[in-house]
Amino acid sequence: MTTTDRPPTFISPILVGRDDLLALADRRIGEVAAGTGQLLLLSGEAGVGKSRLLGAIERRAAAAGFRSVRGGTYPSDLRVAAAILIDLARSMGRTAGLEELGGRLAARLEDDGPVVGDSHRRRRLLVLDVAEILLEIARDGPAIVSLEDLHWSDDLTLETIEAVARRAPEVPLLVVGTYRSDELFPRVPMRAWRARLVGQRLGEEIRLARLSPVDTATMATLLIDTGLPIARDVAAAVHARTDGIPLHVEELIAVLAAAGRDGVASVDRPRGGSPVGAGAVRPADGPGTVEDTIIARFKQRSAPARSLARAGAVIGRAFDLDLLSAVVGVEAADLSEPLAELAEQFVLLPTTAPGRFGFRHGLICDAIYDRIPEPERRRLHGRAADAAAGTDVGTDAFLALHYERAGRRTDAYAAACRGATAATAISSHTEARELWDCALRTAPEDVSEHKRAGLLEALGASAAASDDNIAAGTAFEAARSAYRAAGDGLAAAAVAAPLAEVRHLLGDPLEARDGLIRAALGGIEHAPSLHQTPSDPPSDRVRARLLAAQAAAWMLDRRLDEAVSFAIEARRLADLVGDDATGRNAATTLGVCRAFSGAVDEGWRLLEDSVAASRTAHLEAEAARGYRMIGTSASVLVDPERAERWLREGVEYAERAELWNHRHYMAAHLAHVLWATGRWPEAAALARQTLADGRGGVTTRNVALYVLGYVALSTGDLVEARIALEEAREIGQRMGELQRLSPPLWGLAEVALAGNDPATAIRLSHEALEASTAVYDAAYLFPFVVTGTRAHLTAGDPLAARRWLAASSALIEQRGIPGTRPAIDHAGGLLALAEGSTGRARDLLEGAVTGWAARQRAWEGTWAVIDLARCHLRANRRADAARLAADAAATANRLGAPALSAAAAEILRGAGRGQAAAEPWAPLTAREFEVARLVADGLTNPLIASELGVAPKTVAAHVEHILAKLGVGRRAEIAAWIGSRPVLHSRPHGGDREE
C-alpha cells in the first residue's frame, strides 16, 4: 500500500465513555497526593482504550503536581528478565531529577553479583532492592509510574511490582499498569499474579468495557465531524461491526472515509449530513491493521481449530454447536478440543445460551471469513443451509443468505420470497427490503414479467417504509413499466398512488404528482387487468386508492376544498369495495382538512377515530399516517399539548412498525413543539438528530432545518439562523407547498427584524400573505400578523401597519382557529400603542399575553409581556412596567434569548428614569406622522382627509399641531423634516401609497 493509498487517520478528539473511570482516577490521585500510595491496574481487550486512559491519568496527575515516568514491554520480552523495569530505568535516566535513581535501578538490574549461596534468597533481595528504588521516585513529592503491557512481563517484573504494591500506602506513589485481558492465556505468568493482587486488595483493577451503542455513536459523530449527530441506523451498523471497541470504531470510520473518497461508499450526504449510510457500513472492508493482527494470531492455531473457526465464520457471528458439527462433518463430542483452543485464545466465547458460541467481536468473524477461498466458502454456505433447513435456526432469511452465497439461485429465490413476505407481515421492513432485493437478484431467468413487477412493487414499499425514497421511487417506476410489459395496465395504474407519495417526499411539486395520478385515473377505464372479476371490479378499488392519494396531495398543498371532494369520493368507493385501508387514509385526510379549515374539534375527532380504527384493524401504515397527521397538525395549529402527546406516541408506534419516514417526520415536528414551548436545547438536539436520521425525506429535512433556524434566531445566532432557514426556504420554493415555504419565510422575516432590516421583513411578510391568500390559509399566516405589523412600525409607517393588520387578520378571523387568535390581539396592541391609545393597547396586549401563555408560546409570549411593559411605561405606570419587564428578563435569561433580554433591560432602564423609549416618529404621534408624510407627498388637506377617511377640519388641526411640535411655519418645512428622518422617509413594500 502506497502512502496515497492508505486510509486517513481518524482519532477521537476526546475520551468517550470513560467519565466514571476518570472520576475514579481523580479520587485515587487525590489520595496519593495526601500521602497514601495506590496501584491501579487497567485491564481490557486490545483496542479498548487502555493506553488512552493511562495517558489521561498521567495528564491529570501532572496537573496535580506529580512527577511522571513510564516503562513498557513487548511480546518478545517474556524471554527477557525484568524487561519493563529496564525500560523504566532508561526512562528515569531521561527525566530531570531522576537520573541518579535511574542509574541505580539499571545497575542493580544488571549486576546480580557472583552466583553463590541460596538463589532464592538472591532473587528475593533483588526484588526488594529494586522495589525500594522505585519507591524512592516519590521521595521529593507525589509521583506516578506507568507500566504498559504487563501481560508480556516476566516473573521478576511481576514480583517487583507486587513488592512495591505492598509498600505503596506508605509513600505518595501512584503505580498504574495496563494489560490485555485477552492475552491472559492459562500459562501466562500474569494470570495468577493479577488474581493474587486483586484478591488481597494490594491493587485495584479498572476494567475497560466496550463502548455502549450510545458511546459508539458519540465517537463516530466526533470522527465524522459533520456538525450533526450520526444517523441512528449508521450508528447501529458501526456498533454491530466494531462491538464498541474504540480502536475498531476509528479504523472502520477511516476505511469508510477512504472508500467514500474513492467513490466506493454510498455517499448520501446533504449539507451537513452523514457521509455514509448504514448500507455502506455493513459490507465495508474490515480495517487492515485489525485484520492483519487477527489473521496473524489465527495462523498460529491448530488445523482443526482453524477449520472450525472458518465454518463458524460462514455460519455467522454466533452459531449452535449442533449446526457447526453438521457443517464441518464432525461429531459434536469431538469438537471439544478445538473449541477449547479457540476459547483460550479468545477467538470464540460461549454465549449465555447453552451449546451456543460466538466470535469475541465481529471483526474477527469478518477477517476469518474474508480469507476463506471462494470454492470452500461456497461449499460451507451450502452445507450451512442444508444443515439448518427444517430447524429453528433455518429461517427463510438465513436460508436465502446461505443459498445465494452458495450459488444456488433457485433455492435462494424461493427462500427470499417466503422470508420477505413473512417479514412484511410483521412490519420488519428493513429485513423485507433485503430479502426482496435478494429475490430480484436470484430470480430465475424465466420468471414472468408480472411476477417481477410484483417483486419490484414490494421492494418499493419496503424501501419507502425504510425512508429510502430514492430507491423506492426507482423500484415503483420499474414496477409500473414491468406491469405494462406484462399487459396489466390496472396494476400499473395502482402503483401511481405510492409513487406519488414517494415523489412528494423527494420534493416534487403538486403539479407533477397530481399529473401522475390524473394520468393513472384517466387510463383506468380501458386498462387491461389480469385479475378482473365481476363481483369485485378492481378498477373501483384502484380508483379509490388513486383518489385517496390525490386527496392527500391536494391537502398537503393546503387546497382544502379540492382535497375534501377527492377524499369523500375515495371513501365512498373504498366502502363500496371493502377497502378499509383506503377508507382510513381518506378519513385521515378529511380530518386534516376540517382542522385547517377551522372546524378543529371535528378534525381532531376524525383523526383520533382514524388512528383507533386503523390500530384495531392492524393497518399499521394507516395508523402511523394518522399519528403523523394529528400530531403535526396540532403542532402547526398551536395546540402543543395535543401535538406533543400524539407525536411522542406516534414516534414510538412508527418505530415499532419500522415506518421510518413517518417516525422521522414526527420527530422533526416534535422538535418544533419543543421550540415553541421554550425547550430550545432539546429542540435543537432532536432537530439535528432528525436531520441526520431522515436522509430519505426532503419534507423531514425542511422541518428540521427551520426548527434549527428558529432556535438559532431565538438564541441570537442570526448567521446560523439565516443559513438553515434559507435552505428550508429553497426546499419550500422547489416544492411549491405553503407548509414548506411559509415557516422558513417567517423565520427569515424575524431574522431581518432582529438585524434591523424592517424592509426585508415587510417584503417576506407580504410574500407569505400572498401565498396564504391563494389557498385561504390561516394556520401558516398567523405568525406574520405580528411580525409584519412590527416591521411596518419599525419602518415608521403606522398607516401601512394598520392596513397590513387588516389584510392579514381577515383570513385569521375567517378560519377562526383558536390558537391563531392571540396574534391579532398582539398586533392590534402594537398598533394601538404606536397611535398613542395606551388604554386600548393595554387591553389588547393583556389578551395577547394570556392567549400566548395558554398556547405555551415562549417566543411570542415573552415579546407580548415586553410589549405590555412598554405600554405601561408609555402610560407612566412605571411600577407595572418594571414588574413585567423583570418577569420577561427572567424568562429571557432562562431561555438564553439575548434579544428578549436586551428589550426587557431597555424597559427596566426607562422605568428607572421615568422615561419611555421614543418612537421613531417622535415628537409627533403616529397619526400626526401619517399626516406629515402625506403633506410631504404634496397632498392638500382635502386629499389627505379622503386618504385617511377623516374630516378636512381634523386634518387641518393635525397640521397645526405638527407645525407647532416641529417649530416650523410652512408645509415645505414639514416635508424637509420627513426627508431628514433616517428610515422613515422610505416606503418599503406594503407602504400606504402602494396598497
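The written sequence of each chain sets the order in which its residues are numbered from 1. Residues qualify for local features only when their pLDDT is at least 70, as the model is predicted, and side-chain atom pairs are given and counted only at 80 or more; totals for whole chains, interfaces and linings, by contrast, use all residues. The side-chain figures draw on all heavy atoms in the structure; neither hydrogens nor water molecules are used.

### Some words on the confidence of the model for the protein
To keep things clear, this is the line we draw: Each residue gets a pLDDT score, which is the predictor's confidence in that residue and runs from 0 to 100. By the convention used here, residues are in contact when the closest approach between their heavy atoms is within 4.5 Å.
On average, the protein scores 86 in pLDDT, and the residues at 70 or more come to 89%. Every residue in residues 1-7 is under pLDDT 50, and counting partners more than four places away or in other chains gives eight contacts. The low-confidence segment residues 261-274 (pLDDT under 50) makes 37 contacts with residues lying over four places distant or belonging to another chain.

### Side note on empty space enclosed by the protein
Any empty space left between atoms is shown by rolling a water-sized probe over those atoms. To keep things clear, this is the line we draw: Only protein atoms enter the 1 Å grid, on which a cavity is a set of points fitting a 1.4 Å probe that cannot get out and a pocket is an open set with protein on both sides within 12 Å along at least 5 of 7 lines, lining residues being those with an atom within 4 Å of a point. Grid points are joined across faces, edges and corners, and a volume is the space filled by probe spheres set on the points. Only DSSP runs of H or I with at least four residues qualify as helices, and only runs of E with at least two residues qualify as strands; both kinds are numbered from the N terminus onward. In this count, Pro and Cys sit with the nonpolar residues alongside Ala, Val, Leu, Ile, Met, Phe, Trp and Tyr, while Asp, Glu, Lys and Arg are called charged and the others, Gly among them, polar.
One pass over the full model with this rule turns up five cavities of 30 Å³ or more. Taken as a whole, the largest cavity spans an internal volume of roughly 180 Å³. What lines the largest cavity is a set of 16 residues, and nearest its centre among them are His672, Tyr710, Pro743, Phe782 and Pro783. Counting only elements with at least two residues in the lining of the largest cavity, the list comes to helix 30 (620-636), helix 32 (660-676), helix 34 (698-714), helix 36 (738-754) and helix 38 (782-794). When the residues that make up the lining of the largest cavity are grouped by side-chain class, the tally is 10 nonpolar, four polar and two charged. One number sums up the size of the second largest cavity: a volume of about 120 Å³. As for the second largest cavity, its lining consists of 13 residues, and the residues nearest its centre are Trp746, Glu750, Val786, Thr787 and Glu860. Counting residues per element, the ones that place at least two in the lining of the second largest cavity are helix 36, helix 38, helix 40 (821-834) and helix 42 (858-874). The biggest single contributor to the lining of the second largest cavity is helix 38, with five residues. Each residue belonging to the lining of the second largest cavity can be placed in one class, and the counts come to eight nonpolar, two polar and three charged.

### Topic: the sheet that holds strand 6 (residues 318-320)
As a reminder, the rule being used: Each pair of strands is called paired provided DSSP finds at least two bridges between the two strands. Only the contacting stretch of a helix is used when fitting its axis, a line to C-alpha atoms as for every element, and angles between N-to-C directions run 0 to 180 degrees.
Spatially, 6-8-7 is the arrangement adopted by the three strands of the open sheet, whose pairing is antiparallel. The sheet terminates laterally at strand 6 and strand 7 (348-350), the two strands that pair on one side only. Strand-to-strand twist across the sheet, computed as the mean angle between neighbouring axes with direction ignored, equals 30 degrees.

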